[in-house]
Amino acid sequence: MKLIYSDAHRDHAGAKEMRYDQMIPMCESPERMDMIMEALAAAGFKDVVQPAPHSLEVAHQIHSPAFVSFLEKAYPMWEREFGPGGFATAYTFGMRGMNQVPNGSIHSMLSCYTFDVCVPFVKGTWTAIRSAMDVALTGASLMAKGEAAVFSLCRPPGHHASGDLAGGYCYMNNAAIAAQAHLNNGAGRVAILDIDYHHGNGTQTIFYGRKDVFFASLHCRPEEEYPFLLGYATERGEGEGQGYNLNLPMPRGTDYGVWSASLLTAIDAIRALAPSVLIVSLGVDTYEGDPVGGFRLASQDYLDIGRQIAGLELPTQFVMEGGYAMEALGTNVANVIRGFTRDGEI
Ligand SMILES: [Zn+2]
């Protein structure tokens, strides 16, 4: 299986995040990718492809151009105001009763285009966002040329980002952009299976009124976990997208017995729709030792997840999302890929 990866994300680093009563280094770090690359190489996956540069054309089919422009200029604008170093985050948010249209100030843009304090902008952030988009789009291009399965090792992740809102370490929605690329390349219908611990609120929102992309998400229930305001089982899509959104929320503490039953439910729904392409939003923060997770999956379970997904026998693009338990992150991701490929046979 081809692995698409670039080091261009590396300077998206150095910011801190608020965790209850303290500021801590961002869990979403460049070192995450090192752990994954090392484990994949050790497992025999060494076919690494550099992403090709792409225009913003497909990204603009998913995200508003004004939002994408904001992502590009956020840090430079911040730096002009405050000087080099540090990182940009919002002071306020464009909530109920507030104007939703930014004026020329960077503060108003951060207020309108971000929904939490987990999307800091540093000098290297835009380069990383753009590179992650290229990693996703290169994966879709390779599949259009005949690859049966690819792994787009994107950083930063994307599934919390909607059409014009960044949040939860996510800026542009890499999986959604990949889905749009597959449709542009002639796919009849795309299914996105999101197995990150957190609900993929951004992906759901982007495709909520569409039937050409089916979205299924396994995640911790919003009563207990981020993003708290979305991810209920009752959210099934709207308009012509009615029935094309499937949420499978589970309580904190869920183990693989319960989780894998939900996976089979999602897999059955995807099989029934017979999509032309499957995208897996691959988060492994479901791991029992994850610092931002609350499920109890073990490293061995990820082998079975890969096998179960392979059972769909669909052209498949893995797109990296979350996973923050550094000691096991690489093993867990590699196990999904090992299970999916039967240790490299396919
Ligand atoms: Zn997550």
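Okay, so let's go over this structure. Being a predicted model, the structure only gives us computed values, none of them experimental.

Observations concerning the packing of aromatic side chains
Counted by the stated rule, this structure contains 13 aromatic pairs. Each member of the aromatic cluster is reached from another via a ring pair, and the members are Phe67, Phe70, Tyr113, Phe121 and Tyr171.

Quick notes on the packing of helix α9 (residues 301-310) against helix α10 (residues 326-341)
Two quantities define a packed helix pair, namely the angle between the helix axes and the distance between the axes. The geometry of α9 relative to α10 is characterised by a closest axis approach of 6 Å and an angle of 35° between their N-to-C directions. With respect to the hand of their crossing, α9 and α10 are arranged in right-handed fashion. Two secondary-structure elements touch here, α9 through Tyr302, Leu303, Gly306, Arg307, Ile309 and Ala310 and α10 through Asn332, Asn335, Val336, Arg338, Gly339 and Phe340. Residue composition of the contact of α9 with α10, grouped by class: six nonpolar, four polar and two charged.

Here's the deal with the coordination of the zinc ion
Protein ligation of the zinc ion involves Asp196 (OD), His198 (ND1) and Asp285 (OD), the donor distances falling in the range 2.0 to 2.1 Å. The class of Asp196 is buried, set by a relative accessible area of 1%.

Regarding the pairing of strand β7 (residues 213-220)
Of all eight residues making up β7, eight are buried, and the element is well covered by its neighbours. Note: strand β6 (residues 190-194) against β7, five bridges, orientation parallel. In the sheet register, Val190 faces β7, and the bridge partner there is Val213. Crossover handedness for the path β6 to helix α7 (residues 201-207) to β7: right-handed. Sheet analysis places β7 next to strand β8 (residues 245-250), joined by six bridges and oriented parallel.

Criteria and thresholds
Residues numbered from 1 in each chain as written. Predicted model: local features only at pLDDT ≥ 70, side-chain atom pairs only at ≥ 80, totals over all residues. Heavy atoms only, no water. Phe/Tyr/Trp six-rings, centres within 6.5 Å; stacked < 30°, edge-to-face > 60°. Axes fitted to C-alpha atoms, helices over the stretch in contact; angles between N-to-C directions. Helix = DSSP H or I, 4+ residues; strand = E, 2+ residues; numbered from the N terminus. Left-handed = near helix turned anticlockwise from the far one by under 90°. Contact = heavy atoms within 4.5 Å. Nonpolar A, V, L, I, M, F, W, Y, C, P; charged D, E, K, R; others polar. Donors = N, O, S within 2.8 Å, 3.2 Å for Na, K, Ca; no water. Buried < 20%, exposed > 50% of the residue type's maximum accessible area, 1.4 Å probe, protein only. Pairing = 2+ DSSP bridges. Right-handed = clockwise from strand over helix to strand, strands pointing away.

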